[in-house]
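# Examination of the molecular architecture
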Amino acid sequence: MATATDDATSEVKPTHVAIVMDGNGRWAQARGKRRTAGHRAGVATTRKIVERCGELGIKVLTLFAFSSENWNRPEDEVGVLMTLFIEALGREVKDLHRKNVCLEFIGERERLSEKLQRKIRESEELTAGNGGLKLYIAVSYGGRWDICQAARMVAERVADGSLAAADITEQHIHDHMALAQVPDPDLFIRTGGEKRISNFLLWNLAYAELYFSDRLWPDFDAPALDDALSFYASRKRRFGRVPDTHGPTRSEVG
Ligand code: IPE
Ligand code: IPE
Ligand code: MG
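Residues numbered from 1 in each chain as written. Chains lettered and ligands numbered in written order. Predicted model: local features only at pLDDT ≥ 70, side-chain atom pairs only at ≥ 80, totals over all residues. Heavy atoms only, no water.

## Remarks on the site of ligand 2
Close to ligand 2 lie Val-20, Met-21, Asp-22, Phe-64, Ala-65, Phe-66, Asn-70, Arg-73, Arg-190, Arg-196 and Ser-198, which account for all nearby residues. Asp-22 places a side-chain nitrogen or oxygen 3.2 Å from an oxygen atom of ligand 2. Interatomic distance of 3.3 Å between a side-chain N/O atom of Arg-190 and an oxygen atom of ligand 2. Starting from 390 Å² of accessible surface for ligand 2 in isolation, the protein chains cover 79%. Among the elements that make up the shell around ligand 2, the one with the highest residue count is strand β2 (residues 60–67) (three residues). Residue composition of the shell around ligand 2, grouped by class: five nonpolar, two polar and four charged. (Near = heavy atom within 4 Å. Polar contact = N/O pair within 3.5 Å; in protein donor to acceptor, adjacent residues only side chain to side chain. Areas by Shrake-Rupley, 256 points an atom, 1.4 Å probe, with all protein chains shown as cover. Helix = DSSP H or I, 4+ residues; strand = E, 2+ residues; numbered from the N terminus. Nonpolar A, V, L, I, M, F, W, Y, C, P; charged D, E, K, R; others polar.)

The following block contains the structure:
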């Protein structure tokens with residue numbers, strides 16, 4: 001049974017970490033480079049952080065790589081990002097597979113090129129049986145899109161008569177969300193200094209601990225991740241309940 005001493009001394013680790021990898025453009029601009037140079041540097045950080053999470057025994061890592069709204073960026077930036085995804089997959093997937101990582105993509109993949117969709121399918125198939133870190137990459141992803149597509153699927157069940165509208169519960173929606181197969185994120189990290197969610201996992205972040213780092217994503221590293229994990233370990237999560245005082249229960253008091 002957990003005691004107050006256990007709570008104070010053990011570094012409680014999150015099961016699921018979700019990261020908004022922000023700040024690539026500013027990192028490049030600060031060096032007089034094009035924004036796309038920042039995206040290239042960001043890929044190297046992603047590699048290191050994935051590796052670190054695997055080493056630490058974190059079970060699930062979800063990375064926000066490209067949002068529904070990022071489609072509104074200049075065409076050449078979007079083009080470079082899509083090419084980078086294809087290149088990074090080609091380069092990294094074998095290594096991820098060797099490290100027992102199970103890779104999956106979440107988001108509106110119909111909007112991606114045939115070539116990228118094929119690469120995604122191949123990587124998912126290759127790594128599907130792996131039991132190590134579960135890595136989700138959110139590309140063409142939006143929290144509102146996710147809720148909307150889940151609602152559509154539940155609506156289809158109502159339309160075909162297998163579910164009554166009055167019987168719809170949170171669980172029905174949850175079961176159709178992109179991250180239905182894993183526990184909700186415990187720790188949300190956003191780099192780049194902005195304190196917003198920017199349409200990331202709106203449904204699943206309901207009770208995540210929120211951590212914001214001023215570091216730009218290409219400058220984020222293993223010690224910076226460790227700082228975020230220490231922050232998490234120091235949180236008292238209550239989920240709407242009252243704090244656990246470890247004192248005598250009401251029945252013991254009499
Ligand atoms: C995050 O970096 C990567 C993507 C959104 C694709 P940004 O490109 O948003 O970098 P900043 O925020 O402009 O510095
Ligand atoms: C969020 O960053 C999306 C990703 C990191 C993929 P943005 O740079 O798109 O977010 P805003 O525009 O600052 O809210
Ligand atoms: Mg940004």
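## A closer look at the site of ligand 1
Close to ligand 1 lie Met-21, Asp-22, Gly-23, Asn-24, Gly-25, Arg-26, Arg-35, His-39, Ala-65, Asn-70, Arg-73 and Leu-81, which account for all nearby residues. At a separation of 2.8 Å, an oxygen atom of ligand 1 approaches a polar side-chain atom of Asp-22. Measuring from an oxygen atom of ligand 1, one finds a side-chain N or O atom of Arg-35 at 2.8 Å. Where the shell around ligand 1 is concerned, the elements lending two or more residues are α2 (24–29) and α3 (35–56).

## Examining the confidence of the model for the protein chain
The pLDDT averaged across the protein chain works out to 93; a share of 92% of its residues lies at or above 70. Here residues 1–10 is modelled with pLDDT under 50, and outside its nearest four sequence neighbours on either side it reaches six contacts, counting other chains as well. Within the model, the stretch residues 248–254 combines pLDDT values under 50 with one contact to residues more than four positions away or in other chains. (pLDDT = per-residue confidence, 0-100. Contact = heavy atoms within 4.5 Å.)

## Structural notes on the sheet that holds β2
With respect to topology, six strands assemble into an open sheet ordered β3-β4-β2-β1-β5-β6, the strand pairing being parallel. Looking at which strands have only one partner, the edges of the open sheet turn out to be β3 (102–106) and β6 (209–212). Sheet twist, expressed as the mean angle between neighbouring strand axes with direction ignored, is 20°. Relative to β2, strand β1 (residues 16–20) is paired through five bridges, and the arrangement is parallel. Bridge pairing links His-16 to Val-60 in β2. Contacting β2, β3 and β4 (134–141), helix α4 (residues 75–98) crosses the sheet at an angle of about 155° to β2. (Pairing = 2+ DSSP bridges. Axes fitted to C-alpha atoms, helices over the stretch in contact; angles between N-to-C directions.)

## A word on the packing of α4 against helix α5 (residues 114–127)
For the pair α4 and α5, interaxial distance at closest approach is 10 Å and the crossing angle is 15°. By the angle between their axes, α4 is roughly parallel relative to α5. In this structure, the crossing between α4 and α5 has a hand that is left-handed. From α4, Met-82, Phe-85, Ile-86, Leu-89, Gly-90, Val-93 and His-97 reach across to α5, where they touch Lys-115, Leu-116, Lys-119, Ile-120, Ser-123, Leu-126 and Thr-127. The class makeup of the residues in the contact of α4 with α5 is eight nonpolar, four polar and two charged. (Parallel < 35°, antiparallel > 145°, perpendicular 65-115°, else oblique. Left-handed = near helix turned anticlockwise from the far one by under 90°.)

## Digging into helix α8 (residues 222–233)
Helix length check: α8 (12 residues) gives 16 Å between terminal C-alpha atoms against 16 Å at 1.5 Å per residue, within 8%. All of the buried residues in α8 are Ala-224, Leu-225, Ala-228, Leu-229, Tyr-232 and Ala-233. (Expected span 1.5 Å × (residues − 1). Buried < 20%, exposed > 50% of the residue type's maximum accessible area, 1.4 Å probe, protein only.)

## Examining the packing of aromatic side chains
Tallying each qualifying case throughout the model produces 11 aromatic pairs. Between Phe-188 and Phe-200, the ring centres sit 6.5 Å apart and the planes meet at 50°, which makes this aromatic pair tilted. Of this pair, Phe-188 sits in strand β5 (residues 187–190) while Phe-200 sits in the loop between β5 and β6, placing them 12 residues apart in sequence. An identical accessibility class is assigned to Phe-188 and Phe-200; each is buried. Ring plane angle 50° and centroid distance 5.4 Å describe the contact between Tyr-207 and Phe-239, whose orientation is recorded as tilted. Taken together, the residues Tyr-207 in the loop between β5 and β6 and Phe-239 in the loop between α8 and α9 (250–253) connect sequence positions 32 residues apart. Relative accessible area serves as the criterion here: at 46%, Tyr-207 is assigned to the partly exposed category. (Phe/Tyr/Trp six-rings, centres within 6.5 Å; stacked < 30°, edge-to-face > 60°.)

## Concerning the pattern of salt bridges
Going through the model one piece at a time under the given rule, you end up with 21 salt bridges. A salt bridge links Glu-92 to Arg-47; the nearest nitrogen and oxygen atoms lie 2.8 Å apart. Of the two residues, Glu-92 sits in helix α4 while Arg-47 sits in helix α3, which places them 45 residues apart along the sequence. Given a relative accessible area of 15%, Glu-92 falls into the buried group. (Salt bridge = Lys/Arg side-chain N within 4 Å of Asp/Glu carboxyl O.)

## Considering the pairing of β5
Here β5 shows a buried face lined by Leu-187 and Ile-189 and a second buried face lined by Phe-188 and Arg-190. As paired elements, β5 and β6 share four bridges and run parallel to each other. Paired with Phe-188 across the strands is Leu-210, a residue of β6.

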